[in-house]
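Structural overview for review
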Amino acid sequence: MYRKPEAAKIQELKDIAHRLRIHSITSTEQSKSGHPTSCASIAEILSVLFFNSMRYKISAPRDAAADRFVLSKGHAAPILYAAWAEAGLFPISELQNLRKIDSDLEGHPTPRLPFIDVGTGSLGQGLSIGAGMAYVGKNYDKASYRTYVLVGDGESAEGSIWEALHFAGHYKLDNLCVIFDVNRLGQSEPTSLQHQMETYRKRLDAFGLNAIVVDGHDVEELCRAFYEAEQTKGRPTAIIAKTFKGKYFPNIEDLENWHGKPLGANAEAVIKHLESLIKNKGALTLQAQSPLDEPPTVSLSDVTLSSPPAYKLGEQVATRLAYGTALAKIGASNDRVIALDGDTKNSTYSEKLKKAFPERYIECFIAEQNLVGVAVGTACRDRTIAFVSTFATFFTRAFDQIRMAAISQSNVNFVGSHCGVSIGEDGPSQMGLEDLALFRSIPGSTVFYPSDAVSTERAVELAANTKGICYIRTSRPNTEVIYANDASLQIGKARVIKHSANDQVLLIGACVTLYESLKAAKELEGLGVNARVLDPFTIKPIDRDGIIANAQECGGRIVVVEDHYREGGLGEAVLSAVADQRNIVVKHLFVPTVPRSGPPAVLIDTFGISSRHIIAAAQDILKL
C-alpha cells in the first residue's frame, strides 16, 4: 500500500531538485555551452528517482543487481551528472569540468563514466536499449532490478520510440518504466503535441502501457506514480510528466529560443532565485535504497562450439545455414548466448537457436532500429552474448543505432544474410550491397566475410569472444566446403586457397566471388597463366602483410572481386592495405550500378563479377 512520504522528505526532494538545477546552470556556465533549460524540466523527476525510488549502489553504480537508468534525451546530461554527484559518487566540484577535453563529463552521456551504461544523445534510441535491459531482467536474470528510461517529448516523434513501445507492451515488460518529459518545447519551436497530455495517455495506453499523467514538478505525485509503476504487473508503465522547460528560471521558463544555451547574464539572478526556494541548506539526509537481490553470476568468456564443424570437403552448404548451426552450438556451450531477429529467422537460420533453446530467442519483428537497440540493451552490464540477424541490407536502416552501439562500447554481433546480387530474383531492394562499407566505418569493428561452412562456424565462435561490434556477412547460395573441419582461422589472417611456385597474379575474393576466382584460376591455368587465390576471411582487420607478401610473389598484380558496390567494401580494404606499395597494381571488380532481378549466375555475370570478367581482368593486368 502506498504511503505518502513525510513532509520533511517531500521538502528535501524539492530542495534536491533545485540543487540539481543550480548545478546544471553553474556547469554549463563554466563550459559556456549546454542545455540548462532542458535539465530544469526533469529536476524533480531525477530527484525522486535517485533519492526515493531507484535501488542502486554508490560503490558500484553498474552493479548487476542495481536498477538501470537511461537518459534517452542525452543533452540533459549535466543534471544526470549532478544527481550522481549529489548522491555521493564523486565530488560536486567535478561538475565544473563539464565538456572539458580532459574530462569524461561530456556534453552527452558516455560509458567511459562508471555510472553510464550507454551513450545517448542521438535521439529516439534510449527506450529500445532500456527494453533490452528489462527483457534480460525479467526473462534471464529473473531479478528484481527495474529499468527506467527518460524520454524527451521532442524525440517521441521518432519512429524508433514507438517500435520500442510496441516491443515493451508485447512482451509485458512490467519491470520497465518510461518517463516522458513533456516540456512542450523542442529545439526550434514547440513540439507537435505540446501539452496535449490526454493524447499522449491514449497513445501509450493503446500500446499496452499503464499510462499515468502527472505534474512533473510535483514530487509527491511522482513518488506515487513510481510506486504504482513498481506495483503494476503484466505491462510496462509510462509516466507522462507535464513539465516546463526552464522551470523556476524567472523570465526564461516556458519561453522559446533558450534551447542549448547557457543562461549567461541571467545566470546569477536565476541561481539566487533557486537558492531562495531551498529550505534545507545543509547536507542531504536521503540516500539510495539498496538492491533487493543478486542476479545470477554470468560468464561470457571462452565461448566455444559445443562440437567442431562436421562437413565433407566439396559439400555444398550456404554460409547462412552454417551460421545457424554454429549459433546453436555456442548456445549449447554457454547459456547466455541469445539470438535476436526481425522476422527473418527462417532465412538467416537464427531459428536454429530458437529450436534448441526457445527462451533464448527474441523476436523483434520488422522493426530493425528497435532490433539493434534491444540487442545493445541485452548486452549491457555483460549479461548476454547477443547475435542480431536480418538481411544485410536492412541493417542500413539502423545505421545510427549501430554507430551509437560503438560509441556505447557495446559488445554486439551482427549477422547479415542475403548479401549481393547473388541472392537472385528478389532484386536490388533485398540485396545487401552497402553493408561492408557500413560496418567497416564503425570504430573498433571486426568484419568477417566467411566463404564456406567451416569458416562461418569459426567466425561465429570468434565473434562471440571478440569485444566491440562484430559483423558476419553470410550469403544465400550454397558454396563448396573448402576448409578441413580442423582448419585454424584467425581474425586478420587471410588464407591461400590455391597457389603454385610461379604464380603471376593474385586473385582475392570472398564467398561467392572466391569461388568465381577459383573457377577463373583453373581456366587461366589452361591458358598458361598461374593465378594464386586468397580468401581474406576478415575484411576488417584486413591481412595487410599477407596480401602484400602474396602480391609480391605474384609479380605485384592483384585482381580483387566482390559482390558489393565499389565504395567501402573488400576492394577498398585491399587498396588501402597496399596504398603505400610502389610496385603493386590492383584491378577492382565490383557491382557497378543498381542491379535487377534475375537468376544468381546471370546477375553475377551481368554485373561484372563472374569468372569470365576475372579472367579478362587478369589478362589485362598482365599486359601492364
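What counts, and at which threshold
Residues numbered from 1 in each chain as written. Predicted model: local features only at pLDDT ≥ 70, side-chain atom pairs only at ≥ 80, totals over all residues. Heavy atoms only, no water. Buried < 20%, exposed > 50% of the residue type's maximum accessible area, 1.4 Å probe, protein only. Helix = DSSP H or I, 4+ residues; strand = E, 2+ residues; numbered from the N terminus. Pairing = 2+ DSSP bridges. Right-handed = clockwise from strand over helix to strand, strands pointing away. 1 Å grid on protein atoms, 1.4 Å probe; cavity = no way out; pocket = protein on both sides within 12 Å on 5 of 7 lines; lining within 4 Å. Points joined across faces, edges and corners; volume = space filled by probe spheres on them. Nonpolar A, V, L, I, M, F, W, Y, C, P; charged D, E, K, R; others polar. Axes fitted to C-alpha atoms, helices over the stretch in contact; angles between N-to-C directions. UniProt positions renumbered as here; feature names shortened; annotations may be inferred. Core = buried A, V, L, I, M, F, W, Y, C linked by side-chain atoms within 4.5 Å. Contact = heavy atoms within 4.5 Å. Parallel < 35°, antiparallel > 145°, perpendicular 65-115°, else oblique. Left-handed = near helix turned anticlockwise from the far one by under 90°. Salt bridge = Lys/Arg side-chain N within 4 Å of Asp/Glu carboxyl O. Disulfide = S-S within 2.5 Å. Phe/Tyr/Trp six-rings, centres within 6.5 Å; stacked < 30°, edge-to-face > 60°. Lys NZ or Arg CZ within 6 Å of the ring centre and 35° of its normal.

1. Brief notes about the pairing of strand β16 (residues 531–535)
With five of five residues buried, β16 lies mostly within the body of the structure. With three bridges joining them, strand β14 (residues 495–498) and β16 adopt antiparallel strand pairing. The residue bridging Val496 from the neighbouring strand is Leu534, located in β16. In terms of strand pairing, strand β15 (residues 505–508) meets β16 through four bridges, oriented parallel. Each bridged residue has a counterpart across the sheet, and for Ile508 the counterpart in β16 is Leu534. In terms of handedness, the path from β15 via helix α17 (residues 512–526) over to β16 forms a crossover that is right-handed.

2. Thoughts on empty space enclosed by the protein
The final tally for this structure, using the stated rule, is four cavities of 30 Å³ or more. Gln125, Ile129, Gly373, Gln401 and Met404 are, among the 13 residues lining the largest cavity, the residues nearest its centre. Only α5 (126–141), α13 (368–379) and α14 (399–407) provide two or more residues apiece to the lining of the largest cavity. Residues of the lining of the largest cavity, tallied by class, amount to four nonpolar, nine polar and no charged. What lines the second largest cavity is Phe69, Val70, Leu71, Leu80, Pro109, Phe115, Ile116, Asp117, Val118 and Thr120. Ranked by residues supplied to the lining of the second largest cavity, first place goes to strand β1 (residues 68–71) with three residues. Taken together, the residues of the lining of the second largest cavity sort by class into eight nonpolar, one polar and one charged.

3. Structural notes on the sheet that holds strand β5 (residues 237–242)
What links the strands of a sheet is backbone hydrogen bonding, and the strands pair in either a parallel or an antiparallel sense. Within the open sheet, the five strands sit side by side as β1-β2-β3-β5-β4. Their pairing is parallel. Across the chains shown, the open sheet's two edge strands, defined by having one partner strand only, are β1 and β4 (210–215). Going from strand to strand, the sheet's axes swing by 20 degrees on average, the running direction of each strand aside. Here six bridges tie strand β3 (residues 176–182) to β5, and the two strands are oriented parallel to one another. Bridging from a neighbouring strand, Phe180 pairs with Ile240 of β5.

4. What about unusual backbone geometry?
Following Lys540, the chain continues to Pro541 via a peptide bond in cis, the omega torsion being 0 degrees. Counting through the fold element by element, Pro541 comes out in the loop between β17 (538–540) and α18 (544–553). A positive phi is found at Arg184, a non-glycine position, where the angle reads about 80 degrees. Among the structural elements, Arg184 can be located in the loop between β3 and α7 (197–206). Not every positive phi belongs to a glycine, and Tyr349 is a case in point at roughly 70 degrees.

5. Observations regarding the environment of Gln187
Turning to its location among the elements, Gln187 is positioned in the loop between β3 and α7. Taking the C-alpha atoms as reference points, Gln187 and His259, separated by 72 residues in sequence, lie 5.5 Å from one another.

6. Overview of the UniProt feature "domain: Transketolase-like pyrimidine-binding" (unreviewed entry) in the protein chain
Taken from the UniProt record, the annotation "domain: Transketolase-like pyrimidine-binding" (unreviewed entry) applies to residues 317–481. Between the first and last C-alpha atoms of residues 317–481 the distance is 7 Å; the span itself is 39% helix and 20% strand.

7. Concerning the nonpolar core
Membership of the largest hydrophobic core comes to 112 residues, with the highest contact counts inside it found for Leu340, Phe414 and Ile558. Counting residues per element, this core draws most heavily on α5, at eight residues. In contact with Leu340, not counting residues within four places along its chain, are Ile362, Cys364, Leu371, Val374, Ala375, Thr378, Ala386, Phe387, Val388 and Ser389.

8. Comments concerning the sheet that holds strand β7 (residues 337–341)
Strand order in the open sheet formed by seven strands is β8-β7-β9-β10-β12-β11-β17, with mixed pairing between adjacent strands. Each having just a single partner strand, β8 (361–363) and β17 make up the two edges of the open sheet. Neighbouring strand axes in the sheet, compared pairwise and without regard to direction, differ in orientation by 20 degrees on average. Summarising the sheet, strand β11 (residues 446–448) and strand β12 (residues 470–473) pair through three bridges and their orientation is parallel. Within β12, the position partnered with Val447 by the bridge is Tyr471.

9. Notes on α18
For α18, every residue scored as buried is listed here: Gly546, Ile547, Ile548, Asn550 and Ala551. In this structure, the buried side of α18 is in contact with β14, β15, β16, β18 (557–565) and α19 (570–577). Following α18 by one or two positions, Gly555 has its phi on the positive side, about 80 degrees.

10. Quick notes on the packing of α5 against helix α6 (residues 159–170)
Running from N to C, α5 and α6 point in directions that differ by 20 degrees, and their axes come no closer than 8 Å. Our classification of the angle between α5 and α6 gives roughly parallel. Between α5 and α6 the crossing geometry is left-handed. In this structure, α5 uses Leu127, Ser128, Ala131 and Tyr135 to contact α6, whose residues at the interface are Ser160, Ile161, Ala164, Leu165 and Phe167. Tallied by class, the residues present in the contact of α5 with α6 amount to seven nonpolar, two polar and no charged.

11. Focus on the pattern of salt bridges
Summed over all chains, the structure comprises 31 salt bridges. Note that Asp141 and Arg383 form a salt bridge whose closest N and O atoms lie 2.9 Å from each other. Here the residue Asp141 occupies a position in helix α5, and Arg383 occupies one in the loop between α13 and β9 (385–391), the gap between them amounting to 242 residues. Judged on exposure class, the residue Asp141 and its partner Arg383 are both buried.

12. Some words on the state of the cysteines
Structurally, a disulfide amounts to a covalent bond that connects the sulfur atoms of two cysteines. The final tally for this structure, using the stated rule, is zero disulfides. Free cysteine Cys470: the closest other cysteine sulfur is in Cys380, separated by 16 Å.

13. Quick look at the packing of aromatic side chains
A complete count under the given rule lists 23 aromatic pairs for this structure. Through pairs of rings, three or more aromatic residues link up here, namely Phe50, Tyr56, Phe69, Tyr81, Trp84, Phe90 and Phe115. In this structure, Arg68 is placed above the aromatic ring of Tyr145, and the distance from its NZ or CZ to the ring centre is 3.6 Å. Over the ring of Phe357 we find Arg360; its NZ or CZ atom is 4.1 Å from the centre of that ring.

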